[in-house]
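# Observations on the model geometry
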Amino acid sequence: MEEVFGVFGDPVEHSLSPVMHNAAISALGMKARYHAFRVSREGLGDALLGACAMGFGGVNLTIPLKERALELGFLEPDALSRGIGAVNTVDFKDGIRGFNTDGVGALRALEDACGSIRGKRVVLLGAGGAARAIAFQFASVGARVLIVNRTEERGRRLAESVSSVGGAVEAFGFASLGELLDSAHVLVNATSVGMHPLVNRTIVTGDMLHPGLVVFDIVYNPLKTRLLLEAEAAGARIVTGEMMLVYQGAEAFRIWTGVMPPVDVMKRAVLDALGV
Ligand code: NAP
């Protein structure tokens, strides 16, 4: 029988996960299929219990379900997803267990481009869902994470929660950005600024950047955001957002199947779907 995988969310019809995972499934010759399912916040508990009862191979969770999953008494989150406060991957092999692979995805995408970030000063723009995953993951590998968020209080709360598990993290306001960037090794944009349709927006402009910097924008629509265009012009190295998506999916696939899927095939499927 064909094994079923999927992504639960609402809305979910624009998710790139089905094309990405189905490309990997085909390349590996597996008898399986990955589908998108529209599931509401209220329906998540029933949907997960149903998927478990029907023998699903595993599911991803997206908006608005990642945080909701932690409120379900039967789901066992691992330490990282509990700290982040969000689950994006559920596995059914040994109970119903939750993981968060967004941070690993970002870390692999970045380290592919610039090597280990241990000991590096990383300015992280944002303190929303994606930034939380990145802050926990980057701090866990020994990066020094400097959070800059529009709502400073939210950034401070994130810094406190990562520090409480031993990470080297501090939070700042936008006024400190210039000074922080002067001595930074990496800049990560984990805000939605620059995303379609407001593609002309950027928090950081080229005059604040230097050639030694690696600039990673996790926004992948468009692939080359205004920030990345300005970074390129300033001589900085750039990292586009699609590989974070690919690697978070690849890590979920590995958790479900024990097999590391072909990331080049998944990347091609994502770029085709984006029309790049
Ligand atoms: P989120 O939880 O809604 O957080 C949004 C963040 O953006 C917050 O820090 C918010 O600051 C900031 N922000 C929004 N508008 C702003 C503005 N005009 N000026 C300054 N800051 C602003 O969203 P998310 O889930 O973290 O996603 C953020 C982005 O990452 C989205 O574009 C998403 O598509 C992308 N993403 C990419 C991947 C990938 O795999 N490449 C994965 C996840 C997300 P406040 O706290 O002040 O509101």
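Here, the structure is the one placed above.
Below is a summary of the structure that appears in this document. (Residues numbered from 1 in each chain as written. Predicted model: local features only at pLDDT ≥ 70, side-chain atom pairs only at ≥ 80, totals over all residues. Heavy atoms only, no water.)

## Re the nonpolar core
A general feature of soluble globular proteins is that nonpolar side chains tend to end up buried together. If you look at the biggest cluster of nonpolar residues, it comprises 52 residues, and the most contacted ones within it are Leu110, Leu124, Ile134, Phe138, Val188 and Phe216. Tallying contributions element by element places helix α9 (residues 242-257) first for this core, with nine residues. Counting residues domain by domain, this core receives three or more from each of domain 1 (3-100 + 243-274) and domain 2 (106-240). Once you skip the residues sitting within four places of it in the chain, Phe138 turns out to touch Gly103, Ala106, Leu107, Leu110, Ile117, Val122, Ala143, Val145 and Val188. Ranked by size, the runner-up nonpolar core spans 17 residues in total, among them Leu125, Leu209, Leu228 and Ala236. (Core = buried A, V, L, I, M, F, W, Y, C linked by side-chain atoms within 4.5 Å. Buried < 20%, exposed > 50% of the residue type's maximum accessible area, 1.4 Å probe, protein only. Helix = DSSP H or I, 4+ residues; strand = E, 2+ residues; numbered from the N terminus. Domains from an automatic or database assignment. Contact = heavy atoms within 4.5 Å.)

## Section: the sheet that holds strand β11 (residues 214-217)
Strand pairing in a sheet takes place through backbone hydrogen bonds and is either antiparallel or parallel in direction. Strand order in the open sheet formed by six strands is β9-β8-β7-β10-β11-β12, and the pairing between neighbours is parallel. The sheet is open, and its two borders are formed by β9 (169-172) and β12 (237-239), each paired with just one other strand. Strand after strand, the sheet turns through a mean of 20° between neighbouring axes, direction not considered. Running over the sheet, helix α8 (residues 226-233) touches β10 (186-189), β11 and β12 and is turned about 165° from β11. (Pairing = 2+ DSSP bridges. Axes fitted to C-alpha atoms, helices over the stretch in contact; angles between N-to-C directions.)

## A closer look at the packing of aromatic side chains
Here a ring pair, both rings aromatic, is described through the centre-centre distance and the interplanar angle of the planes. Using the criterion set out here, one finds four aromatic pairs in the structure. Seen from their ring centres, Tyr34 and Trp256 are 6.3 Å apart, and the 40° between their planes marks the pair as tilted. Of this pair, Tyr34 sits in strand β2 (residues 32-38) while Trp256 sits in helix α9; the two residues are 222 residues apart in sequence, bridging distant segments of the chain. On the basis of relative accessibility, which here comes to 2%, the residue Tyr34 falls in the buried class. Of the aromatic side chains, those joined through ring pairs into one cluster are Phe5, Tyr34 and Trp256. (Phe/Tyr/Trp six-rings, centres within 6.5 Å; stacked < 30°, edge-to-face > 60°.)

## Comments concerning unusual backbone geometry
That bond from Asp10 to Pro11 is cis: its omega, 5°, falls within 30 degrees of zero. Note on placement: Pro11 falls in the loop between β1 (3-9) and α1 (17-27). The residue after Ile63, namely Pro64, is reached through a cis peptide bond having omega 0°. Among the secondary structure elements, Pro64 is positioned in the loop between β3 (58-61) and β4 (75-77).

## Observations concerning helix α5 (residues 129-140)
Spanning twelve residues, α5 covers 17 Å between terminal C-alpha atoms, matching the ideal 16 Å at 1.5 Å per step. Of all the residues in α5, the buried ones are Ala131, Ala133, Ile134, Ala135, Phe136, Gln137, Phe138 and Ala139. Gly142, located one to two residues past α5, shows a positive phi value of around 90°. (Expected span 1.5 Å × (residues − 1).)

## Here's the deal with the side chain of Glu242
As for its position among the elements, Glu242 is in helix α9. In terms of polar contacts, Glu242 uses its side chain to reach the side chain of Thr240, at 2.7 Å. Apart from residues no more than four positions distant in its own chain, Glu242 is found in contact with Tyr220, Leu223, Lys267, Val270 and Leu271. (Polar contact = N/O pair within 3.5 Å; in protein donor to acceptor, adjacent residues only side chain to side chain.)

## A closer look at the sheet that holds β4
Overall, mixed pairing links the six strands, which are arranged β2-β1-β3-β5-β6-β4 in an open sheet. Strands with a single pairing partner mark the edges of an open sheet, and in this sheet they are β2 and β4. Adjacent strand axes in the sheet meet at a mean angle of 25° when their direction is disregarded. Note that β1 and β2 share seven bridges and pair parallel. The partner of Val7 across the bridge, within β2, is Ala36. The strands touched by α1 within the sheet are β1, β2 and β3, with β2 carrying the most contacts at an inclination of about 170°. The sheet contacts of α9 involve β1, β2, β3, β5 (89-91) and β6 (96-99), and relative to β5 the element is tilted by about 10°.

## Here we look at the packing of helix α4 (residues 102-114) against α9
Put simply, α4 and α9 touch, their axes get as near as 7 Å, and they point 125° apart. The orientation of α4 relative to α9 falls into the category oblique. Between α4 and α9 lies a crossing of right-handed hand. Here Asp102, Val104, Gly105, Ala106, Arg108, Ala109 and Asp112 of α4 lie close against α9, whose contacting residues are Met243, Met244, Tyr247, Gln248 and Glu251. Of the residues assigned to the contact of α4 with α9, the class counts are six nonpolar, two polar and four charged. (Parallel < 35°, antiparallel > 145°, perpendicular 65-115°, else oblique. Left-handed = near helix turned anticlockwise from the far one by under 90°. Nonpolar A, V, L, I, M, F, W, Y, C, P; charged D, E, K, R; others polar.)

## As for the site of the ligand
With respect to spatial proximity, 21 residues lie near the ligand, and among them Ala130, Asn149, Thr151, Arg154 and Ile218 are the closest. A distance of 3.0 Å separates an oxygen atom of the ligand from a polar backbone atom of Ala127. Within the backbone of Gly128, a nitrogen or oxygen atom sits 3.5 Å from an oxygen atom of the ligand. Across the complex, the protein chains shield 74% of the 920 Å² of accessible surface that the ligand would expose by itself. Sorting the residues of the shell around the ligand by element identifies α5 and α9 as the ones contributing at least two each. The residue makeup of the shell around the ligand, split by class, is eleven nonpolar, eight polar and two charged. (Near = heavy atom within 4 Å. Areas by Shrake-Rupley, 256 points an atom, 1.4 Å probe, with all protein chains shown as cover.)

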